[in-house]
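Summary of the model geometry
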Amino acid sequence: MPLLLTSSSLPALPRPLAAPSRARVRVVASSAASAPDGAGAAASGFPSFLPTAVERIRDGAAIRLAKRIERVPVQTGFSGSPILSSCVRPLKQQQDAEPIVLLHGFDSSCLEWRYTYPLLEEAGHEAWAVDILGWGFSDLATRPPCDVASKREHLYQFWKAYIKRPMVLVGPSLGAAVAIDFSTKYPEAVSKLIFIGASVYTESPKEMTRMPKFVSYAGVFILKSLPLRFLATSLAFNKTPNEFFDWVQIGRLHCLLPWWEDATVDFMIRGGYNVLKQIKQVKHKCLIVWGEDDGIISSKLAYRLHQELPDATLRLVRQCGHIPHVEKPKEAAKLVLEFLERDKVEKTDQASSVTPVLTNS
């Protein structure tokens with residue numbers, strides 16, 4: 001289970017320190033053994049770049065998705081060499097269908113999609129689960145900057161190199177802020193947006209940008225600790241899952257990489273996301289999904305977001321907390337698929353309603 005803190009919970013850290021489709025397809029090799037960084041699969045079947053703690057995970061869905069994680073090179077303007085970037089890419093790429101690109105929340109990873117990703121894939125969609133720069137399982141040994149601008153450019157260069165067509169961009173929690181920031185800067189790369197429990201109304205505290213680095217590192221140390229992970233996980237769900245401890249282990253797995261602390265501190269001291277002014281600039285059709293019993297970000301904000309987005313549909317998930325794609329994956333996948341199918345039907349109806357114009361030529 002990924003860490004489920006959002007930007008709305010970041011201010012709390014310093015205070016304790018101070019006190020099926022018919023589209024044509026082509027098969028894409030996604031074996032970890034052929035990963036560009038040369039890190040093949042370990043004897044257990046997991047990519048060798050994953051922390052060894054992955055072998056203690058018992059969640060079958062997490063194990064299957066973890067074995068599909070690979071690193072692909074992404075060249076950016078702020079890094080002299082390509083960044084080996086972690087993702088799960090589809091077994092099939094569809095040339096005449098919109099790809100679905102799944103982001104994740106604050107300090108999380110693509111493993112957040114372990115239950116919903118297979119459902120989208122089984123429905124015949126081309127789905128990508130992409131780790132946001134600075135989190136997940138990318139190789140950040142060169143310590144690239146992990147501020148908002150760098151995260152945005154990294155995602156754009158990933159899209160430009162591997163996806164290359166307008167995508168349905170899905171952002172849960174802080175990933176919604178990432179998606180809004182990205183779509184307003186690169187609207188041509190996005191066809192539609194889907195937000196889940198969106199963390200878009202909280203400004204990053206200015207105190208964090210003035211905080212001494214040693215204090216930031218102390219806060220990040222707490223962020224990785226098991227007690228805080230237990231708390232974050234318990235807050236994220238309407239009902240505490242039976243797999244609670246295993247989900248905590250899954251959620252902090254990426255924190256065991258040697259560059260995680262540096263990347264997270266870099267993001268925090270550079271100010272984080274503030275997309276309040278960008279929300280009304282979004283021109284894409286949107287779906288908003290929210291757990292009715294979200295204990296981290298109130299579902300009341302779902303109605304505010306629905307009002308402020310020019311073209312949005314709102315769907316609430318009953319008896320569900322902050323991350324429906326983990327707690328209620330079947331319901332979350334159904335809402336996503338219905339949204340995409342409805343848009344497809346509307347486009348077909350619009351095309352068929354056009355009256356042909358006769359000319360004398």
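Going by what an unreviewed UniProt entry lists, the protein is known as AB hydrolase-1 domain-containing protein and is assigned to Urochloa decumbens.

Along the protein, the regular secondary structure elements total 12 helices and 10 strands. Counting across all 361 residues of the protein, residues that qualify as buried make up 58%. For the protein, the exposed area adds up to about 15,600 Å²; of that, 54% sits on carbon and sulfur atoms.

Under the counting rule described, the total for this entry stands at 13 aromatic pairs. Plain terms: the ring middles of W128 and F158 are 5.9 Å apart, the flat faces sit at 90 degrees to each other, and that makes the pair edge-to-face. Of the two residues, W128 is situated in strand β6 (residues 127–130) and F158 in helix α4 (residues 148–163); the sequence distance between them amounts to 30 residues. These aromatic residues form a ring-pair network of at least three members: F106, W135, F267 and Y273.

Turning next to the sheet that holds strand β5 (residues 100–102). In a beta sheet, neighbouring strands are held together by backbone hydrogen bonds and run either parallel or antiparallel to one another. Read across the sheet, eight strands follow the order β2-β3-β6-β5-β7-β8-β9-β10 without closing on themselves; strand pairing throughout is mixed. In the strand order of this sheet, the two ends are held by β2 (70–74) and β10 (312–317), each with one partner. Recorded for the sheet is a direction-independent mean angle of 25 degrees between the axes of neighbouring strands. Sheet topology note: the strand β9 (residues 285–291)/β10 ladder contains six bridges and is parallel. Within β10, the position partnered with G291 by the bridge is V317. Across the sheet, α4 touches β2, β3 (83–88), β5, β6 and β7 (167–172), and the angle it forms with β2 is around 100 degrees. Across the sheet, helix α10 (residues 300–308) lies against β8 (190–196), β9 and β10, angled at about 165 degrees from β10, the strand it touches most.

Thresholds, definitions, all that
Residues numbered from 1 in each chain as written. Predicted model: local features only at pLDDT ≥ 70, side-chain atom pairs only at ≥ 80, totals over all residues. Heavy atoms only, no water. Helix = DSSP H or I, 4+ residues; strand = E, 2+ residues; numbered from the N terminus. Buried < 20%, exposed > 50% of the residue type's maximum accessible area, 1.4 Å probe, protein only. Areas by Shrake-Rupley, 256 points an atom, 1.4 Å probe, with all protein chains shown as cover. Phe/Tyr/Trp six-rings, centres within 6.5 Å; stacked < 30°, edge-to-face > 60°. Pairing = 2+ DSSP bridges. Axes fitted to C-alpha atoms, helices over the stretch in contact; angles between N-to-C directions. Contact = heavy atoms within 4.5 Å.

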